[in-house]
Amino acid sequence: MSNQRIICKSESLLEREKGVRFNLPELGERVSAFVIRFNGKPYAYFNQCAHLPVELDWNEGDFFTREQDYLICATHGAQYEPHTGHCVLGPCQGKRLRPILVNEQDGVISITLDEI
Ligand code: FES
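About the criteria used
Residues numbered from 1 in each chain as written. Predicted model: local features only at pLDDT ≥ 70, side-chain atom pairs only at ≥ 80, totals over all residues. Heavy atoms only, no water. Pairing = 2+ DSSP bridges. Helix = DSSP H or I, 4+ residues; strand = E, 2+ residues; numbered from the N terminus. Polar contact = N/O pair within 3.5 Å; in protein donor to acceptor, adjacent residues only side chain to side chain. Contact = heavy atoms within 4.5 Å. Axes fitted to C-alpha atoms, helices over the stretch in contact; angles between N-to-C directions. Salt bridge = Lys/Arg side-chain N within 4 Å of Asp/Glu carboxyl O. Buried < 20%, exposed > 50% of the residue type's maximum accessible area, 1.4 Å probe, protein only.

## Here we look at the sheet that holds strand S6 (residues 79-80)
Adjacent strands of a sheet pair through backbone hydrogen bonds, lying either parallel or antiparallel. Read across the open sheet, the three strands follow the order S5-S6-S7; overall the sheet is antiparallel. Of all the strands in the sheet, the pair left with one neighbour each is strand S5 (71-72) and strand S7 (87-89). As paired elements, S6 and S7 share two bridges and run antiparallel to each other. Pairing of Gln-79 across the sheet is with Leu-89, part of S7.

## Remarks on unusual backbone geometry
Backbone geometry places Arg-16, a non-glycine residue, at a positive phi of 55°. Tracing the chain through its elements places Arg-16 in the loop between strand S1 (4-9) and strand S2 (20-23).

## Focus on the side chain of Ser-32
For Ser-32, the location among the structural elements is in strand S3 (residues 32-38). In this structure the side chain of Ser-32 is engaged in a polar contact, spanning 2.8 Å, whose partner is the side chain of Glu-55. In contact with Ser-32, other than residues within four places in its own chain, are Arg-21, Phe-22, Asn-23, Phe-46, Asn-47 and Glu-55.

## A look at the sheet that holds S2
Ordered by their spatial adjacency, six strands build an open sheet running S1-S9-S8-S4-S3-S2, and the pairing between neighbours is antiparallel. Two strands lie at the open edges of the sheet, namely S1 and S2, each paired on one side alone. Averaged over neighbouring strand pairs, the angle between their axes works out to 30° when direction is ignored. Strand direction decides the pairing type here: strand S8 (residues 99-105) and strand S9 (residues 108-112), joined by five bridges, are antiparallel. The partner of Glu-104 across the bridge, within S9, is Ile-109.

## Overview of the environment of Asp-57
Its place among the elements puts Asp-57 in the loop between strand S4 (41-46) and S5. Between the C-alpha atoms of Asp-57 and Thr-75, which are 18 residues apart in sequence, the distance is 8.4 Å. Excluding its chain neighbours within four sequence positions, the residues that come into contact with Asp-57 are Arg-21, Asn-47, Asp-62 and Phe-63.

## Some points on the pattern of salt bridges
Summed over the entire model, instances satisfying the criterion amount to six salt bridges. Through salt bridges that share partners, Arg-21, Glu-55 and Asp-57 make up one connected network.

## Notes on the pairing of S9
Among the five residues in S9, four count as buried, and that is most of the element. With five bridges joining them, S1 and S9 adopt antiparallel strand pairing. The residue bridging Ile-6 from the neighbouring strand is Ser-110, located in S9. The hairpin turn running from S8 into S9, its antiparallel successor, is two residues long, and Asp-106 in that turn takes a positive phi close to 50°.

So far we have only geometry, and geometry alone does not tell us how the molecule works.
The following block contains the structure:
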């Protein structure tokens, strides 16, 4: 069964700015995820570091490094490629964020859970 869900309007997801968090209660009480925009496209991942099972953002929605070129875990500074989720720096180098299928159409960003 397809489980598609609208996350936000396209206009509220700005290039390399704050990400939009959302919860996935059907997958667990504390399971959260986020979507960010990078080089024009939206990317969604589970909000869990590949190093330890903690959320990436201390300040809600802050996923990008100061230079806005990588996603960063606030706990120990692991950095991830925004478009692949691969960790390129930090304690979990070589691992990756768990992606979620994301779609943008008619000014709306949505995710599909059955493709993960
Ligand atoms: S928990 Fe994310 S880098 Fe350690």
